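Residue-level listing of the chains:
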Amino acid sequence: MSELSVKHLLGIKYITKEDIELIFKTADHFKEVINRPIKKVPSLRDITIANLFFENSTRTKLSFELAEKRLSADVINFSAAASSVKKGETLIDTVNNILSMKVDMVVMRHPNPGAGVFLSKHINASIVNAGDGAHEHPTQALLDSFSIRERLGEVAGKNVVIVGDILHSRVALSNIYALKLQGANVKVCGPKTLMPKYIESLGVEVELDLRKALQWCDVANMLRVQNERMDISYFPSTREYTQQYGVNKALLESLDKEIVIMHPGPINRGVEITSDVADSGQAIILDQVENGVAVRMAIIYLLASKIKQ
Amino acid sequence: MSQKVLLNATEVHIILNRLACQLIENHEDFSDTVLIGIQPRGIFLAERIKKLLTDTYKIENVKLGYLDITFFRDDFRRSEKILAANKTQIDFVVENKKVVFIDDVLYTGRSINAALTAIQSFGRPEEVELLCLIDRRFSRHLPIQPDYRGRQVDAINEEKVKVSWVENEGEDTVYVINT
């Protein structure tokens, strides 16, 4: 197979295992490209992409922009803070105005879950979801799986635990979909208050004890506590959270095996993960960032190949 | 669909030897020369040429790389066929080197045009030459000609020239296929 089954990347829920394999195979080639002395290819020289960020982002926005530029696409950037959204313009109006400028693809981050799906029903351009509220963040999940595959050879059969604020995390949901699709075993670990009620229905196990979870896993994906999405207090104090669910060097050394540590960033050093762990050889956090560009190049390239002239 | 043999195994081997000798005439000990096989099908020819240079003509340290041109092609989104990439493997710098592109069939010249752009990602070669086994005359879209050619063929556009290699198809033969 050399074509994606979808026109948009709205979430992992909407794609197939074959799509993931194709994205990874293509990303392997782009990873080689971005390690060349000249890191650019001309494939998308006649494609224009709009990056619409209705919510703050640093690395995702930079990663997408770099991926687009390395494919030679023309890029326009938009952030809600400095736009007419503040003046009361609707999402469809904003996007249609941008599309009138002959834009072929939209990369969108939005605080509302389902914003990408909603938009896909109203516009013709291809849409890549760069995070929609607490719903999905498909490119992060794909780069996470790509990084596991790179480090451990394959994702199938591996034990992966996602630790932290599962309730508010779009990274967790997309990762669960992606990992299950590829045949990995998934557990989630965190305070009971940060665990969605029916999480088991996704085929994952809940483990409240961090040590047991780490002892079981090959890979631990550490998530940030999303204070900005918390309207109430979900745990007594940050200190108590760190004591229960923070990973430190002593804890890792007490395990029978060496596990791989991942983090989607931004890291709260000393909260979910200590500096000596984040900077150790076990952590592949910076590999994830590098792979992010290659994976996003692959996704944009494959979606763009479906835009007919 | 009918097909006829254009070159049999013996003819292919004679031509490969001649091409290797022509390369030696121009590049002597290959210290400033690198061979680049164009993916996907040029790599078989490139490996054969390298093997001849190394085993038969005892030239040491012949450098060979593979170049994939998928992301540099000019027909992205213009062809019904989805373009799938292959591996690029160039473990040396091409800066100030004499580069010899190697491909099995030269047809429109668009692949070589893409390769000329793609190779720039690895440095600025001193010069670039082109070696091909089959040169399809009168079918060029661009002003690109080979420096070393195995056999020149006048095939019409409806015909396809297919090069089979022992490594992937079990025989060294060149066919003209009427589609």
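Model, not experiment: these values are computed from the prediction.

Rules used in this analysis
- Residues numbered from 1 in each chain as written.
- Chains lettered and ligands numbered in written order.
- Predicted model: local features only at pLDDT ≥ 70, side-chain atom pairs only at ≥ 80, totals over all residues.
- Helix = DSSP H or I, 4+ residues; strand = E, 2+ residues; numbered from the N terminus.
- Rg over C-alpha atoms; globule rule 2.2 N^0.38 Å.
- Buried ≥ 20, exposed ≤ 12 C-beta atoms within 10 Å, placed from the backbone.
- Contact = placed C-beta atoms within 7 Å.
- Pairing = 2+ DSSP bridges.
- Axes fitted to C-alpha atoms, helices over the stretch in contact; angles between N-to-C directions.
- Nonpolar A, V, L, I, M, F, W, Y, C, P; charged D, E, K, R; others polar.
- Domains from an automatic or database assignment.
- Expected span 1.5 Å × (residues − 1).
- Arc of directions from axis to C-beta.
- Right-handed = clockwise from strand over helix to strand, strands pointing away.

Describing the overall build of chain B
Line of reasoning, step 1. The secondary structure content of chain B amounts to 4 helices and 8 strands.
Line of reasoning, step 2. In terms of overall dimensions, chain B is globule-like: its C-alpha atoms have a radius of gyration of 16 Å, near the 16 Å expected for 179 residues.
Line of reasoning, step 3. Counting over 179 residues, chain B shows a buried share of 39%.
Line of reasoning, step 4. Taking all contacts inside chain B whose residues are at least 6 apart in sequence as the whole, residues at least 24 apart take part in 68%.

With respect to the overall build of chain A
Line of reasoning, step 1. Across its full length, chain A holds 11 helices and 9 strands.
Line of reasoning, step 2. For a compact globule of 309 residues, the expected C-alpha radius of gyration is about 19 Å, and chain A comes in at 19 Å, within 12% of that figure.
Line of reasoning, step 3. Principal-axis analysis of the C-alpha atoms gives chain A an extent of 55 × 45 × 35 Å.
Line of reasoning, step 4. In chain A, once contacts between residues fewer than 6 apart in sequence are set aside, the share between residues at least 24 apart is 75%.

Here we look at the sheet that holds strand β5 (residues 159–163) of chain A
All names here are of chain A.
Line of reasoning, step 1. Strands sit in the order β7-β6-β5-β8-β9 across an open sheet of 5 strands; the sheet is parallel. Only two strands of the sheet have a single neighbouring strand rather than two, namely β7 (205–207) and β9 (260–262). Averaged over all pairs of adjacent strands, the angle between strand axes in this sheet comes to 25 degrees, irrespective of strand direction.
Line of reasoning, step 2. Here β5 runs beside strand β6 (residues 185–189); their pairing, made up of 5 bridges, is parallel. Bridge assignment links Val161 to a residue of β6, and that residue is Lys187.
Line of reasoning, step 3. Contacts from helix α5 (residues 138–152) reach β8 (219–222) and β9 within the one sheet, and its direction differs from that of β9 by about 160 degrees.

Some details on the interface of chain A and chain B
Line of reasoning, step 1. Each partner contributes to the interface: chain A provides 16 residues, whereas chain B provides 15 residues.
Line of reasoning, step 2. A breakdown of the residues in the side of chain A that touches chain B according to their chemical character gives 6 nonpolar, 6 polar and 4 charged.

Points about the domain arrangement of chain A
All names here are of chain A.
Line of reasoning, step 1. Each assigned domain of chain A is listed with its residue range as follows: domain 1 (12–136 + 290–304) and domain 2 (138–288).
Line of reasoning, step 2. Contact with domain 1, which involves 23 residues of that partner, is made by 23 residues of domain 2.
Line of reasoning, step 3. Sorting the residues of the side of domain 1 that touches domain 2 by element identifies α1 (17–33), β4 (126–132) and α11 (285–304) as the ones contributing at least two each.
Line of reasoning, step 4. No other element matches α11, which puts 6 residues into the side of domain 1 that touches domain 2.

Comments concerning helix α1 (residues 9–27) of chain B
All names here are of chain B.
Line of reasoning, step 1. With 19 residues, α1 should cover 27 Å at 1.5 Å per step; its first-to-last C-alpha distance of 27 Å lies within 8% of that length.
Line of reasoning, step 2. All buried positions along α1 are accounted for by Val12, Leu19, Ala20 and Leu23. The buried residues of α1 all sit within an arc of 100 degrees when viewed along its axis, so they share a single face. Along α1, the residues that are exposed and aim more than 90 degrees away from the buried face are Thr10, Ile14, Arg18 and Glu25.

Looking at the sheet that holds strand β1 (residues 2–7) of chain B
All names here are of chain B.
Line of reasoning, step 1. Across the sheet, which stays open at both edges, the 3 strands sit in the order β1-β8-β7 with antiparallel pairing between neighbours. Edge positions in the open sheet fall to β1 and β7 (159–164), since each of these has one partner strand only. Averaged over all adjacent pairs, the angle separating strand axes in this sheet is 25 degrees, with direction ignored.

Examining α1(A)
Residues and elements named next belong to chain A.
Line of reasoning, step 1. Between the first and last C-alpha of α1 there are 25 Å, a value that for 17 residues agrees with the 24 Å anticipated at 1.5 Å per step.
Line of reasoning, step 2. Those residues of α1 that sit buried are Asp19, Ile20, Leu22, Ile23, Phe24, Thr26, Ala27, His29, Phe30 and Val33.
Line of reasoning, step 3. Looking at the packing, one finds that the buried side of α1 touches α5, α6 (170–181) and α11.

With respect to the pairing of strand β2 (residues 33–38) of chain B
All names here are of chain B.
Line of reasoning, step 1. Among the 6 residues of β2, 6 are classified as buried, and the element is accordingly described as predominantly covered.
Line of reasoning, step 2. Burial along β2 is two-sided: Thr33, Leu35 and Gly37 facing one way and Val34, Ile36 and Ile38 facing the other are all buried.
Line of reasoning, step 3. Two strands pair when backbone bridges link them, and β2 and strand β3 (residues 63–67) are joined in this way by 5 bridges, in the parallel orientation. For Gly37, the partnering residue across the bridge sits in β3 and is Tyr66.
Line of reasoning, step 4. One crossover worth recording links β2 to the parallel β3 by way of helix α2 (residues 42–56), and it is right-handed.

Some remarks on the environment of B:Gly109
Residues and elements named next belong to chain B.
Line of reasoning, step 1. The topology assignment puts Gly109 in the loop between β4 (98–106) and α3 (110–118).
Line of reasoning, step 2. Judged by local crowding, Gly109 falls into the partly exposed class, with 19 C-beta atoms found within 10 Å.
Line of reasoning, step 3. Considered as a pair, Gly109 and Leu142 are 33 residues apart in the sequence and their alpha carbons are 5.7 Å apart.

Section: unusual backbone geometry
Line of reasoning, step 1. Geometrically, the link from A:Gly265 to A:Pro266 is a cis peptide bond, its omega value of -5 degrees lying close to zero.
Line of reasoning, step 2. For A:Pro266, the position within the fold is in the loop between β9 and α10 (275–278).
Line of reasoning, step 3. Residue B:Gln39 is joined to B:Pro40 through a cis peptide bond whose omega torsion reads 0 degrees.
Line of reasoning, step 4. Within the fold, B:Pro40 resides in the loop between β2 and α2.
Line of reasoning, step 5. Residue A:Ser72 is not a glycine yet carries a positive backbone phi of 70 degrees.
Line of reasoning, step 6. Note that A:Ser72 resides in the loop between α2 (59–70) and β2 (74–79).

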